[in-house]
Amino acid sequence: MPAYIGDAGDSPAPADPSSSVPGSGLRSAMAPARAAGRAGAVAALALLWLLVCGPGDSGCHLLTVADLFDRVIRHSGRIHSLSTTLYAELEKHFPPRDNELGKPARKCHTSGMLTPNGKEYAQKIPREELTHLILKLLQAWKEPLSHFNQHIEHHQELPDDSLSKAKQISNMVHELKTGVEKVTEKMQSMGIISNSLNGMASSEGTGLSISNEANMMSDSDFIHCFRRDSNKVQSYLKILKCRIMPENSC
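Now for a description of the structure that goes with this document. None of these values were measured; they are calculated from a predicted model.

## A short note on the overall build of the protein chain
- Counting its regular elements, the protein chain contains eight helices and two strands.
- Secondary structure of the protein chain in N-to-C order comes out as β-α-α-β-α-α-α-α-α-α.
- Residues counted as buried form 42% of the 250 residues belonging to the protein chain.
- Of the contacts formed within the protein chain by residues at least 6 apart in sequence, a portion of 87% connects residues at least 24 apart.
- Total accessible area on the protein chain is roughly 12600 Å²; 55% of this is exposed by carbon and sulfur atoms.

## Describing the state of the cysteines
- Counting across every chain of the model gives one disulfide.
- A disulfide bridge connects cysteine 108 with cysteine 225, and the sulfur atoms are separated by 2.0 Å. Its torsion about the S-S bond being -85 degrees, the disulfide of cysteine 108 and cysteine 225 is classed as left-handed. With cysteine 108 in the loop between α2 (65-93) and β2 (115-116) and cysteine 225 in helix α8 (residues 219-244), this pair connects stretches of sequence that are 117 residues apart.

## Details of the pattern of salt bridges
- A complete count under the given rule lists seven salt bridges for this structure.
- Between lysine 165 and aspartate 161 there is a salt bridge whose closest N-O contact spans 2.2 Å. Placement of both lysine 165 and aspartate 161 in helix α5 (residues 160-189) is noted, with a separation of four residues, approximately one turn of the helix.
- Taking relative accessible area as the criterion, aspartate 161 reaches 45% and is therefore assigned partly exposed.
- Among the salt bridges present, the one from lysine 182 reaches glutamate 185, with a minimum N-O distance of 3.8 Å. Of this pair, lysine 182 and glutamate 185 both sit in helix α5, three residues apart, which is roughly one turn of the helix.
- You can call lysine 182 partly exposed: its relative accessible area is 24%.

## Observations concerning the side chain of serine 111
- As for its placement among the helices and strands, serine 111 is situated in the loop between α2 and β2.
- In this structure serine 111 comes out as buried when scored by relative accessible area, which is 7%.
- For serine 111, the side chain forms a polar contact with the main-chain oxygen of cysteine 108, separated by 2.9 Å.

The rules we used
- Residues numbered from 1 in each chain as written.
- Predicted model: local features only at pLDDT ≥ 70, side-chain atom pairs only at ≥ 80, totals over all residues.
- Heavy atoms only, no water.
- Helix = DSSP H or I, 4+ residues; strand = E, 2+ residues; numbered from the N terminus.
- Buried < 20%, exposed > 50% of the residue type's maximum accessible area, 1.4 Å probe, protein only.
- Contact = heavy atoms within 4.5 Å.
- Areas by Shrake-Rupley, 256 points an atom, 1.4 Å probe, with all protein chains shown as cover.
- Disulfide = S-S within 2.5 Å.
- Salt bridge = Lys/Arg side-chain N within 4 Å of Asp/Glu carboxyl O.
- Polar contact = N/O pair within 3.5 Å; in protein donor to acceptor, adjacent residues only side chain to side chain.

Following this line, the structure appears as structure tokens:
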């Protein structure tokens with residue numbers, strides 16, 4: 001019987017020494033340019049997932065399931081790296097107050113989700129269930145990340161680069177979910193996994209008081225929890241790829 005765990009801690013990220021605090025006027029002036037740049041990057045990234053070749057499109061490169069897996073795994077790795085850096089920056093700018101030192105970390109809003117404890121147990125879960133778990137984790141963070149971005153914009157003491165990272169993470173999670181959905185469709189069309197996943201999708205996020213629990217956390221606790229889950233997503237994607245393509249010897 002596979003073992004599951006609802007919550008797991010991880011070690012703190014190293015502090016980032018290269019942070020500076022620009023003036024609020026400069027931040028306001030640069031906001032439109034940042035937004036346009038992010039929108040362009042998101043639009044370009046979306047093309048990676050939405051590439052569909054029609055009959056007779058000789059110049060179109062049809063992505064294989066291995067190609068798609070490689071892209072979502074790399075993308076999830078970038079998300080985890082960004083969240084690690086942002087966590088260090090938040091810890092630097094908002095250190096715990098004296099009365100908070102030694103206080104246990106707030107429970108993550110996704111702690112109620114049953115997730116496999118370790119690679120050995122994740123490998124025993126049916127492919128459909130593991131795929132559903134990845135999508136469920138990503139879905140559980142979409143709304144909280146959106147609220148977090150609205151909230152963090154009011155922290156004028158934060159470096160402009162930190163605000164940009166928070167926005168980028170939220171956009172990238174949306175794109176990653178789209179990418180995993182494309183991988184899922186590809187696997188279903190090839191008969192690698194069954195279509196039973198379609199029934200599971202309707203229950204995404206069920207039973208999670210996402211907004212309330214996530215919004216009650218401190219900023220650093222919030223990113224700490226997201227960091228933990230983003231690492232899980234990347235690990236599960238790697239395991240799923242290895243189970244589907246055992247020739248990779250991983």
